[in-house]
Amino acid sequence: MSAAVVSVDNRRAWARTQPSLCAQLLGAFRVTLDGRDVDTVSSRRTRNVMAYLLTHRRVPVPRDVLMDVFWPRAEPDAARNCLHVALTGVRRELRRVSPEPVLQRAHDAYLVADSVSVWVDVEDFEQQCHEGLRAEHAGDLTAAIRSYEAAEQLYDGDFLADDPYAEWAMPTRDELRLLAVDTQSRLVELYNRRGAYGPAIQVGRRILATDPCNELVHRRLMSGYAATGQLHLALNQYRRCADALWATFRVRPTPETKQLYARLWAGEAPAP
């Protein structure tokens, strides 16, 4: 899903004031300002600082924190100079698409100006995940599915996927990946409970593309295939699960997975 594709309500929310900044951090890093692309490619130093400030935009980011994150082994004067060059680059790229000041300094800290209306896909993704979980716990499965579907669409790839070796991004990337897998897994379960096996299978396949040893999802795919009369695919899914677990961890499927396979092999209908 493109970074520009957001819900109508979200578009209205972040377009009420000018300038409006839209940031995609899930998948390829992309920033638009008033609908125009900001250069996030030419300078790695500039893009990293820009991405960090957008990720932590809720509070001012102290200069010393930026220096420690990006130049931890440099001498203080050298680190300050590197940061000055990077911040100059951030301001320059933003000014190229909008004359309004976007980055502001508060003493020795930096943040996006209050006059800028900002939409960040990570924030929307996390909100949809949490709203879905609240709705599920409240028993409103329709609202839960709607939120989980919105989150699944927003997750266009790992956090800053086009810069996989950025050390500062790794903890956030891992946290968001786990949240995405949990949300997608819940969506598969709710689809199965509603008898929507086709969508459940599609989402399950996407999970296994990045998490091939997710045994719970393998079981849900097995049940989904069996429920749609595709027993051969259900049995083959067990073999895929067993192969992935053995190749990665040298372990066999759990008894629960083996029992499901045995029931399917015997022609028994899977539990809903």
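Residues numbered from 1 in each chain as written. Predicted model: local features only at pLDDT ≥ 70, side-chain atom pairs only at ≥ 80, totals over all residues. Heavy atoms only, no water.

1. Things to note about the pattern of salt bridges
Now for step 1: Counted under the stated rule, the structure contains 17 salt bridges.
Now for step 2: Here Glu-123 ties to Arg-58 by a salt bridge, and the two come within 3.0 Å at their closest N and O atoms. Separated by 65 residues along the polypeptide, Glu-123 in helix 5 (residues 121–137) and Arg-58 in the loop between helix 2 (44–55) and strand 4 (61–62) bring together distant segments of the chain.
Now for step 3: Residue classification places Glu-123 among the partly exposed positions, given a relative accessible area of 22%.
Now for step 4: One connected set of salt bridges, linked through shared partners, spans Arg-57, Arg-58 and Glu-123. (Salt bridge = Lys/Arg side-chain N within 4 Å of Asp/Glu carboxyl O. Helix = DSSP H or I, 4+ residues; strand = E, 2+ residues; numbered from the N terminus. Buried < 20%, exposed > 50% of the residue type's maximum accessible area, 1.4 Å probe, protein only.)

2. A short note on the packing of aromatic side chains
Now for step 1: Here the structure, examined in full by the defined rule, presents eight aromatic pairs.
Now for step 2: Arranged with centres 5.7 Å apart and planes meeting at 75°, the rings of Tyr-52 and Phe-70 form a pair that is edge-to-face. Linking Tyr-52 in helix 2 with Phe-70 in helix 3 (residues 63–70), this pair joins segments that are 18 residues apart in sequence. An identical accessibility class is assigned to Tyr-52 and Phe-70; each is buried.
Now for step 3: A centroid spacing of 5.0 Å and a plane angle of 70° characterise the contact between Tyr-52 and Trp-168, whose relative ring orientation is edge-to-face. Here the residue Tyr-52 occupies a position in helix 2, and Trp-168 occupies one in the loop between helix 6 (141–154) and helix 7 (170–194), the gap between them amounting to 116 residues. (Phe/Tyr/Trp six-rings, centres within 6.5 Å; stacked < 30°, edge-to-face > 60°.)

3. Let's talk about unusual backbone geometry
Now for step 1: In this structure, His-107 is a non-glycine residue whose phi angle is positive, near 55°.
Now for step 2: Unlike most non-glycine residues, Leu-160 shows phi in positive territory, near 50°.
Now for step 3: Counting through the fold element by element, Leu-160 comes out in the loop between helix 6 and helix 7.

4. Some points on the sheet that holds strand 3 (residues 36–38)
Now for step 1: The four strands are arranged 3-2-1-7 in an open sheet whose pairing can be described as mixed. Whereas interior strands pair on both sides, the edge strands pair on one side only; in this sheet they are strand 3 and strand 7 (117–120). For this sheet, the mean inter-axis angle between neighbouring strands, taken without regard to orientation, is 25°.
Now for step 2: In the sheet, strand 1 (residues 20–24) pairs with strand 7 via four bridges, with the strands oriented parallel. Within strand 7, the residue paired with Leu-21 across the bridge is Val-118. (Pairing = 2+ DSSP bridges. Axes fitted to C-alpha atoms, helices over the stretch in contact; angles between N-to-C directions.)

From the geometry alone we can't say anything about function, so treat these as descriptive.
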